[in-house]
Amino acid sequence: MRYYLRKLIGLVVTLILVSLVTFFVFQILPGDPALIILGLDADVNQIEALNRTLGLDRPLTERYISWIKGLFNGDLGISIRYNQSVSSLIGQGLKVTALLALYSMIFTVAIGIPVGLFLASHSRKKYSIPISIVSQLSLSIPSFCMGILLISIFSVRLNLLPSIGYTPISEGFFKSFKSLLLPSLSIALGSSAILIRYVRVSVLKEMGKDYVRTARSKGLSKRRIMYAHVLKNSLIPVITILGLLTADILGGSIIIENIFSLPGIGRLITVSISSRDLPLIQGLVLYLSLIVVICNFIVDLVYSLVDPRIRLR
Amino acid sequence: MKRYFSNPSFLIGSIILFMMLALLVISFFHTPYDVTAMDLANKLAKPSQEHFLGTDQFGRDILSRVMKGIEVSLLIGFMAVSSGLLFGLLIGSFSGYFGGRLDEIIMKIIDTLMAFPGVLLAMMLIAVFGNGLLNTIIALSVMAVPRFARITRSGYMELRDSDFVKAERIRGAGSLRIMFSHILPNIVSELSATASLSFASAIMSEAGLSYLGLGMQPPSPSLGIMLSEAQDYMLRAPWYVLIPTITIALLVIAFNLIGDGLQEMNGGVK
């Protein structure tokens, strides 16, 4: 119980710190934000009006508190560029980004775990070398380069898949899946390579343990040892990596969404930064980092359920 | 030295990096064409004898631009990593050596910075300070600091109570002397592996930011800008988009491989 309490307090502190950073970084914006938004030739009344709508005439701490309150009510202010509420914009974007992240995660796991297992159990065979090379390559190629390469192959050359654009799921699952296939693969190929490494190392470590030798001397088949004993134990540390990969995948989706013109959070961020749309940037940054912090928290919890020893440390 | 080059990752990475550096050095003295010289009659030309890698949408020579683009990438990568390393090292060494309250506070801040996914932290800083060369470098070095601080801190924590440090302390060496002339040499190899990997991610992030229009600005020959310009001509000039893509990938691969090689030689698989 104490473990969970400590973790929970840690979570709350991190959340508060993240919100503080997100809020105060944008307060050091050089110059008058209203002036930047309206341009240099804006008149005084306009600036004053904007300052009032942005709440810039109030003291800093008061603004922070009302911003945080707004977070709980789902009211993060009005976007200047879109003239819509920030929360509803984020909500729309999140639908696309969440789907993209979900597919990417599924691909990552579907590629990463089997290949990692394969490499671990065939560590000294010749066909493991080409696979290692491919996984090293896909680890090193930045996801947006991978995206461009995939577009050149599958859209420009083979004309199999759409190169850009998003089809919402309401227009048919298959169509929507097709529009997200290349983007999610571009993200997943890199992150699955990371997963492959961890799975391989973790399985190899587990294979060297005493209980595996015992199982072997009992006469169990290699396959049975692998799936009934080793797999379960070696996947525990992998859970942590999945948590870290969530952050990676979200970070990767920012650029990938722009390459494939997907109307998600990543695209909103880029637009909001180029148009200096403060309320929107703040809201987006806060949201994304909260998701990452909470994901890591959940990973910690799952980890402690799977491996209770961790609670004692 | 021989030990290093017998590691395949390190060897291949070094070969790629050497080729890139060769292009960089040549670009200081000579590029086939002026990087901003336009030739509209000859736009989107296929690779040929005059233009080895073809021309872009304004008829500018792609090879020359790629050569200058490598310069931009390596310059930004170098500046970002070295300042990230410097600050990370300072923060991490004090935090790890002295421990206590200070360490807790610093690490909480570092953890908070690490909660922002990927390039988001850099984007946030660019949103505040604006884009351009210097701000891109600042943003990317802030992004690199937490990683260095963490590695340094764990190294210092491990070594601060070791026998050789105790011996120095008894001999009367001051904290600064112990920290920087006795402990630091022991973690240099680990830091250099991290530096190489951070170099890769700085190059990647610069290209990504410039692609999004948040890093370097046209007509600067950043590889990211070339990529975003080339994407519009994917159907007409498929080779055009592939050139910056492959160049970025090669740069990133080179530093990743070198970093991996160094890490393997340090005796640990990540």
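Caption draft 1: Main features of the overall build of chain B. Tallying secondary structure elements over chain B gives 10 helices and zero strands in all. Going from N to C terminus, chain B has its helices and strands arranged as α-α-α-α-α-α-α-α-α-α. Classification of the 270 residues of chain B by burial places 56% in the buried group. Summarising the internal contacts of chain B: among those between residues at least 6 apart in sequence, 71% fall at separations of at least 24. Summed over all atoms, the accessible surface of chain B reaches about 12000 Å², with 66% contributed by carbon and sulfur.

Caption draft 2: Representation of the overall build of chain A in the model. When helices and strands are counted, chain A shows 13 helices and zero strands. Listing the helices and strands of chain A from first to last along the sequence gives α-α-α-α-α-α-α-α-α-α-α-α-α. Taking the principal axes of the C-alpha coordinates as reference, chain A spans close to 85 × 60 × 35 Å. Looking at chain A as a whole, 45% of its 313 residues are labelled buried. Look at the contacts in chain A between residues 6 or more apart in sequence, and 71% of them connect residues 24 or more apart.

Caption draft 3: Seen up close, a nonpolar patch on the surface. All names here are of chain B. Judged by side-chain polarity, L86, F87, L90, F94, F98, L102 and L176 come together as a nonpolar surface patch covering roughly 660 Å² of accessible area. Examining the composition of the nonpolar patch, we find that five residues originate from one element, helix α3 (residues 62-98), more than from any other. Locating F87 in the fold gives a position in helix α3.

Caption draft 4: Fine view of the confidence of the model for chain B. All names here are of chain B. When pLDDT is averaged across chain B, the result is 84; 97% of the residues are at 70 or more. By mean pLDDT, the top-scoring element of chain B is α3 (90), and the lowest-scoring one is helix α1 (residues 2-5) (72). Under the prediction, the complex receives an ipTM of 0.79, its pTM being 0.83.

Caption draft 5: Summary view of the pattern of salt bridges. Within this structure, the stated rule accounts for nine salt bridges over all chains. The partner of D210(A) in a salt bridge is R213(A), with the nearest N and O atoms 3.2 Å apart. Separated by three residues within a single helix, D210(A) and R213(A) lie in helix α9 (residues 210-217), roughly one turn from each other. R213(A) sits in the exposed class, given a relative accessible area of 59%. Between D111(B) and R150(B) there is a salt bridge; the shortest N-O distance is 2.3 Å. Of this pair, D111(B) sits in helix α4 (residues 100-114) while R150(B) is found in helix α6 (residues 133-159), placing the two residues 39 residues apart along the sequence. On the accessibility criterion, D111(B) (29% relative accessible area) is partly exposed.

Caption draft 6: Looking closely at the interface of chain A and chain B. Taken together, the contacts link 45 residues of chain A with 36 residues of chain B. The contact between chain A and chain B buries some 3600 Å² in all, and 80% of this surface belongs to carbon and sulfur atoms. Summed over the shared surface of chain A and chain B, the number is one salt bridge. Among the secondary structure elements, those contributing two or more residues to the side of chain A that touches chain B are α1 (2-25), α6 (128-140), α7 (143-157), α8 (173-207), α11 (236-259), α12 (265-274) and α13 (278-306) of chain A. Broken down by element, the side of chain A that touches chain B gets its largest block of residues, eight residues, from α1(A). In terms of residue class, the side of chain A that touches chain B is made up of 32 nonpolar, 11 polar and two charged.

Caption draft 7: Region of the structure containing the confidence of the model for chain A. With 94% of its residues at a pLDDT of 70 or more, chain A has an overall mean of 81. When mean pLDDT is taken per element in chain A, helix α5 (residues 86-121) of chain A scores highest with 87 and helix α2 (residues 33-38) of chain A scores lowest with 66.

Caption draft 8: Up close: the side chain of Q282(A). Along the chain, Q282(A) falls in helix α13. The residues contacting Q282(A), other than those within four sequence positions of it, are T22(A), F23(A), F26(A), Q27(A) and W67(A).

Caption draft 9: Structural view of unusual backbone geometry. Unusually for a residue other than glycine, S261(A) sits at a positive phi of about 50 degrees. For S261(A), a relative accessible area of 28% puts it in the partly exposed group.

Caption draft 10: Highlighting the side chain of E229(B). All names here are of chain B. Mapped onto the secondary structure, E229 falls in helix α9 (residues 223-231). For E229, a relative accessible area of 16% corresponds to the buried category. With residues up to four places along the chain from it excluded, the contact list for E229 reads Q57, R60, P218 and Y240.

Caption draft 11: Layout of the environment of L94(A). Residue and element names in this part refer to chain A. Topologically, L94 is positioned in helix α5. Considering only alpha carbons, one finds L94 and Y287, 193 residues apart in sequence, at a separation of 9.7 Å. Contact partners of L94, with chain neighbours within four places excluded, come to L99, I265, Y287 and I291.

Caption draft 12: Quick peek at the nonpolar core. Counting residues in each nonpolar core, the largest one holds 134 residues, and the members touching the most others are F144(A), I254(A), I259(A), I269(A), L74(B), M123(B) and I248(B). Looking at which domains feed residues into this core, each of domain 1 (15-72) and domain 2 (86-312) of chain A gives three or more. Dropping the residues within four chain positions of it, I248(B) is found in contact with P142(A), F144(A), C145(A), A207(B), L223(B), G224(B) and L227(B). In terms of nonpolar packing, the next biggest core, distinct from the first, is built from 15 residues, I113(A), L195(A), V212(A) and L245(A) among them.

Parameters and conventions
- Residues numbered from 1 in each chain as written.
- Chains lettered and ligands numbered in written order.
- Predicted model: local features only at pLDDT ≥ 70, side-chain atom pairs only at ≥ 80, totals over all residues.
- Heavy atoms only, no water.
- Helix = DSSP H or I, 4+ residues; strand = E, 2+ residues; numbered from the N terminus.
- Buried < 20%, exposed > 50% of the residue type's maximum accessible area, 1.4 Å probe, protein only.
- Contact = heavy atoms within 4.5 Å.
- Areas by Shrake-Rupley, 256 points an atom, 1.4 Å probe, with all protein chains shown as cover.
- Patch = residues over 30% accessible without salt bridge, like charges linked within 9 Å, V, L, I, M, F, W, Y side chains within 5 Å.
- Salt bridge = Lys/Arg side-chain N within 4 Å of Asp/Glu carboxyl O.
- pLDDT = per-residue confidence, 0-100.
- Buried area = accessible area lost by both parts, 1.4 Å probe.
- Nonpolar A, V, L, I, M, F, W, Y, C, P; charged D, E, K, R; others polar.
- Core = buried A, V, L, I, M, F, W, Y, C linked by side-chain atoms within 4.5 Å.
- Domains from an automatic or database assignment.

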